[in-house]
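One letter stands for each residue in the lines below.
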Amino acid sequence: MNYIILDLEWNTSFSNKKQKYVNEIIEFGAVKTDENLEIIETFSMLITPQIGKKLNSHIQELTHITDEELTSANNTFTHTLKCFEKFLGTGVLLTWSTSDILTLIENYNYYYHTEKLPFLTKYCNLQVYCEKILGVHNPSLQLGLSACAEMLEIENDCLSMHRAKDDAILSFYCLKKLFDEQKLRSMTELALTEEFYKKITFKVRFITDINNPNVDKSQMFFNCPICNEKMQQKSRWKVKSKSFVSNFTCKNCKEEYLGKISFKLRYDETLVKKKLTLMEEIKKEQKRIKAEKEKGRAEKNKKLKVKVKNKETTVKQPQ
């Protein structure tokens, strides 16, 4: 079995045809290994943009790819994809997080009008695999590629970050350090089913309707962090910054808190996050912000007065 680690670079371009922004792929980079995780081949191709005319300045700074390089590459997306299909074969495709596979689906859908990638048979999210092996898997806080490499003490000075092939190589180094064939097989999904595409294209979102059936109201309580007794809710739930907030009081400790609960809906689960903050701390922070604003206004008025005074002095000067 071959493992193919893919990384993409893309440029956000506005499509007049679709009347929306598209993450247009500008570079493919990949590494192919054998079943023992020995590199047998690499893949690297730049793509001449067909949707956007110029690279965003941010992408140029990030990748150091120039418009001239892309133009001279003279590769269309469809041509590059056919080359990559041949490179992939029947191997397992791995990407660091789902961003790259989703961008590939987006581009394929743009040109072929379907989200299904006919050449993809098996897929694994390498980011989640590494997180689970390292024991740091947290859906709310994903592990970045550079951070993972640093944790594993992988030297990457000779690699150009944010270039597709080099990022694929760095991903490979992380996989090799954490390789467990059985665990990798168990986390590899068949990509030929409707279920796979429903899951991978599902848009994670926060629930802000308290009557949504995915809101578990039995979770909407807080215990006092001091005595661990269940606290009394003092106000109705309100939505603020994609979370439900309410005031709580502990009868034993006489402390007042602001309780904050968020429900993040994923394809196969709802993540619940709870946070308590002392009202005293909130009031202190509000006073600090107010004082800073007043100070800023005072300094602005002072500068304005000096400016007006200087102008008046200039006008009154004798001729």
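Here, every reference points to the structure presented above.
Let me begin by describing the structure that accompanies this report. All figures in this text were calculated on a predicted structure; none of them were measured in a lab.

Comments concerning helix α3 (residues 77-88)
Consideration 1: Taking 1.5 Å of rise per residue, the 12 residues of α3 would be expected to cover 16 Å, and the 16 Å separating its terminal C-alpha atoms lies within 8% of that figure.
Consideration 2: The set of residues buried in α3 consists of Phe 77, Thr 80, Leu 81, Phe 84, Phe 87 and Leu 88. Seen end-on, α3 carries its buried residues on one side only, within an arc spanning 115 degrees. Facing away from the buried side of α3 by more than 90 degrees, the exposed set consists of Lys 82 and Lys 86.
Consideration 3: Close packing links the buried residues of α3 with β1 (3-15), β2 (20-33), β3 (39-46), β4 (92-95) and α4 (99-112).
Consideration 4: One or two positions beyond α3, positive phi appears at Gly 89, with a value near 60 degrees.

Considering the pattern of salt bridges
Consideration 1: For the structure on display, the rule yields 10 salt bridges.
Consideration 2: Here Lys 116 and Glu 194 are joined by a salt bridge, their closest N and O atoms 2.5 Å apart. With a gap of 78 residues between them, Lys 116 in the loop between α4 and β5 (122-125) and Glu 194 in helix α9 (residues 194-200) connect regions that are remote in the sequence.
Consideration 3: Overall, Glu 194 belongs to the partly exposed group, its relative accessible area being 47%.
Consideration 4: Here Glu 181 makes a salt bridge to Arg 185, at a shortest N to O gap of 3.3 Å. Of this pair, Glu 181 and Arg 185 both sit in helix α8 (residues 181-186), four residues apart, which is roughly one turn of that helix.
Consideration 5: When salt bridges with common partners are traced through the structure, they connect Glu 285, Arg 288 and Glu 292 into a single cluster.

Rules behind the numbers
Residues numbered from 1 in each chain as written. Predicted model: local features only at pLDDT ≥ 70, side-chain atom pairs only at ≥ 80, totals over all residues. Heavy atoms only, no water. Helix = DSSP H or I, 4+ residues; strand = E, 2+ residues; numbered from the N terminus. Expected span 1.5 Å × (residues − 1). Buried < 20%, exposed > 50% of the residue type's maximum accessible area, 1.4 Å probe, protein only. Arc of directions from axis to C-beta. Contact = heavy atoms within 4.5 Å. Salt bridge = Lys/Arg side-chain N within 4 Å of Asp/Glu carboxyl O.

The analysis is restricted to geometry; functional conclusions fall outside its scope.
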